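The chain contents come next:
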Amino acid sequence: MAIVLSLVCALAHAAPPVKWRDASGVWHYGDAAPADLDRGAAAERAGDYTAAARELLDWAQRGDARAQARLAELYLEGRGVPRDERTGAEWLRRAAQAGYAAAQLRYAELLELGRGTGADPRAALQLLKSAAGQGYAPAQTRLAERLLEGRDGRPDAVAAARLFEAAAAAGDAGAQFRLGQLLLRGEGITPSVETAAEYLRAAVAQGHAGAKQELAELVFAGRVREPGPERALQLLQEAADAGLPAAQTSLGLLYLQGRRVAVDAARAARWLAAAAAAGDALAQFSLAGLYAEGKGVAADPAAAFRWYAAAAESGHARAQFELAEAYAAGRGTAPDPHTAYLWYERAARQGLASAQVRVGEALLRGLGVPADPLLAAQSYRAAAEAGHPQAQLALGLLLLNGRGVARDPALAAVWLKRAAEQGATLAQVALGILHASGNGLPRDDTQAARWYARAAQGRQPWGELLLGLAAIGGRGVVTEPVQGAGLVRRAAERGLATAQFVYARLCAEGVGMARDLDCAYRWYDLAALAGHPSAAAARDALAPQLGPEALRAARRAAREWRPADG
């Protein structure tokens, strides 16, 4: 790396040496091109490549490096001469040996690819360093990219930033853009939003599409004021029109979300489709969502599946999760629990908590993979530590029951409380039960009732049932049989079989209401239909106390009944 730094320090911005011979046969060095060479360039610009090749060949044979480099391109592309990569590479080699920086960069590219010559990455790197050392901005930019990527050793963001600075100062738009990005991230250089914006504006002035998008995003995020929002939107549109996938994705999401523009799902879909076709993973994921929801496009589960798959293969974690969901549910493809598990696992390895939860569920229940409570607990723990409330609930229940982990009611209570405080109503119910039983927490009926109440506020039927029973018995709350019976009924109406059985008993015994055997029979019947193990016997024991017409009405009502939540 010391070699690179010394090259950077030696940048004198001198013009690359160019050798040419005048009419009298005297050799010259400098930037002033001979008239004949100018004629060759003019012919090339006019599209007369045969004439251009003839003029350039004359000067290339005399040793002019610029002519050699231009002639090489004609051979490489087959313009005005037969396409011959070997001959093109040979002319570039000569120009590179003469010290012509542009030829050194181009020949280095051929050496990297083994195009027209044998592949030689080491020689390519030396040529790239030589061109960069002459102050040739495109070579500095290319070398900086290699340093950032660590292609030749460990990544060196500091040296890369210095090279980008040198190339940016020479007016290279790509370097100005990349330096702006480094300044935004503070990578290899002290972060500065304002300085980054200055470099981006300089690149925008040269028409750099990536800089247009980056600067527009800064404006939309409120990080810089210039240009204004209208100009920023125009810049983003220009970058999208230029075919930049990232800009097309950003523009599509603006139209989808109605930020800076009116909501237009159809237009959003068109921009996202363009970026998706170019391989942008975020666009593929977003477009899949539109097909899944029928938003801006006709609903098409198969198309949604295909775009989720494309984004998932690119490593997009949320797309991997959605693809797994599609396999699990058979949306747009045949159900495949095992493949679903594999995609959940790939997303989970990227730290996506919702995928870690699904992996835990699959391992716990044996969905597409052999059941393994120990691995399930580990997956739940990873998501729980990331703050996922359902994972915290699941981990708490595993600790409470000693499944996949050692039984630990106190630690279970810790995880259940974290989930409960995030609004997980089942965790709130579980905490209430722990307080009521003194299992892992101090026995406290008042605290139990408070947790039941929070769950009931979230329309959790177990919370309503247990709070109702607490009110009927006066445990932790004031004794209120009528109110308690009403809470039990609410839980029963949501379809909770245990609540239906309990409410039937309340009807039969006249707790919190007048005794009503018709009501009792109907709710026992509903509980039996829902699978409560004791409901059928209780219903049948009650039947002799009702007349035939009452029995028929109760049975008809039970079979026509639907849960309150649909």
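To start, this report covers the structure provided alongside it. All of these numbers come straight from a predicted model, not from anything done at the bench.

1. A closer look at helix α22 (residues 389-401)
Here is step 1 of the chain: Over its 13 residues, α22 runs 18 Å from end to end, which matches the ideal 18 Å to within 8%, given 1.5 Å per residue.
Here is step 2 of the chain: All buried positions along α22 are accounted for by A391, Q392, L393, A394, L395, G396, L398, L399 and L400.
Here is step 3 of the chain: In this structure, the buried residues of α22 make contact with α20 (353-365), α21 (373-385), α23 (409-421) and α24 (425-437).
Here is step 4 of the chain: The first or second residue beyond α22 is G402, which carries a positive phi of 65°.

2. Thoughts on helix α10 (residues 173-185)
Here is step 1 of the chain: For α10, with 13 residues, the first-to-last C-alpha span of 19 Å sits near the 18 Å given by 1.5 Å per residue.
Here is step 2 of the chain: For α10, the buried fraction is high: 11 of the 13 residues fall into the buried class.
Here is step 3 of the chain: When we look at burial in α10, the residues that qualify are A173, A175, Q176, F177, R178, L179, G180, Q181, L182, L183 and L184.
Here is step 4 of the chain: On the buried face of α10, the contacting elements are α8 (137-149), α9 (157-169), α11 (193-205) and α12 (209-220).
Here is step 5 of the chain: Among the residues of α10, the N-terminal cap falls to D172, whose side-chain oxygen and the backbone nitrogen of G174 are separated by 3.2 Å.
Here is step 6 of the chain: Phi turns positive, to about 65°, at G186, one or two residues after α10.

3. A look at the packing of aromatic side chains
Here is step 1 of the chain: Scanning all chains against the criterion turns up six aromatic pairs.
Here is step 2 of the chain: Plain terms: the ring middles of F321 and Y344 are 5.7 Å apart, the flat faces sit at 55° to each other, and that makes the pair tilted. Pair noted here: F321 is in helix α18 (residues 317-329) and Y344 is in helix α19 (residues 337-349), with a separation of 23 residues, a long-range link. A single burial state applies to F321 and to Y344, both of which are buried.
Here is step 3 of the chain: Aromatic side chains F501 and Y524 sit 5.5 Å apart centroid to centroid with 55° between the ring planes, which places their arrangement in the tilted category. Here Y524 lies in helix α29 (residues 517-529) and F501 lies in helix α28 (residues 497-509), a separation of 23 residues in the sequence. You'll find F501 and Y524 in the same group, each marked buried.
Here is step 4 of the chain: Just above the ring of W59 sits the side chain of R62; from NZ or CZ to the centre is 4.1 Å.
Here is step 5 of the chain: R94 extends its terminal NZ or CZ atom over the ring of W91, reaching a point 4.4 Å from the ring centre.

4. A few points about the pattern of salt bridges
Here is step 1 of the chain: Applying the stated criterion across every chain, the model contains 29 salt bridges.
Here is step 2 of the chain: Close ionic contact of E109 with R106 constitutes a salt bridge, the shortest N to O distance being 3.1 Å. Of this pair, E109 and R106 both sit in helix α6 (residues 101-113), three residues apart, which is roughly one turn of the helix.
Here is step 3 of the chain: Here E238 and R231 are joined by a salt bridge, their closest N and O atoms 3.4 Å apart.
Here is step 4 of the chain: A relative accessible area of 25% places E238 in the partly exposed class.

Cut-off values and rules
- Here the residue numbering is sequential within each chain, running from 1 through the sequence in written order.
- Confidence filtering applies because this is a predicted model: local features only for residues at pLDDT of at least 70, side-chain atom pairs given and counted only at 80 or more, and all residues used for totals across whole chains, interfaces and linings.
- Each side-chain value is derived from all of the structure's non-hydrogen atoms; neither hydrogens nor water enter the calculation.
- Secondary structure is summarised from DSSP: a helix means a run of H or I of at least four residues, a strand means a run of E of at least two, and numbering begins at the N terminus for each.
- A helix is expected to span 1.5 Å for every residue after the first.
- Type-normalised accessible area, obtained with a 1.4 Å probe on protein chains alone, sets the label of each residue: buried when under 20%, exposed when over 50%, and partly exposed for intermediate values.
- By definition in these notes, contact holds between two residues if any of their heavy atoms fall within 4.5 Å.
- Within 3.5 Å is the distance limit for a polar contact, defined as a pair of N or O atoms, with the added protein rule that one can donate a hydrogen and the other accept it, and that residues adjacent in sequence qualify only through two side-chain atoms.
- Classification of ring pairs rests on two measures: the distance between centres of Phe, Tyr or Trp rings, Trp counted by its six-membered ring, which must be within 6.5 Å, and the angle between planes, read as stacked under 30 degrees, edge-to-face over 60 and tilted in between.
- For a Lys NZ or an Arg CZ to count as sitting over a ring, it must be within 6 Å of the ring centre and within 35 degrees of the ring normal.
- The rule for a salt bridge is simple: a side-chain nitrogen of Lys or Arg has to be within 4 Å of a carboxyl oxygen of Asp or Glu.

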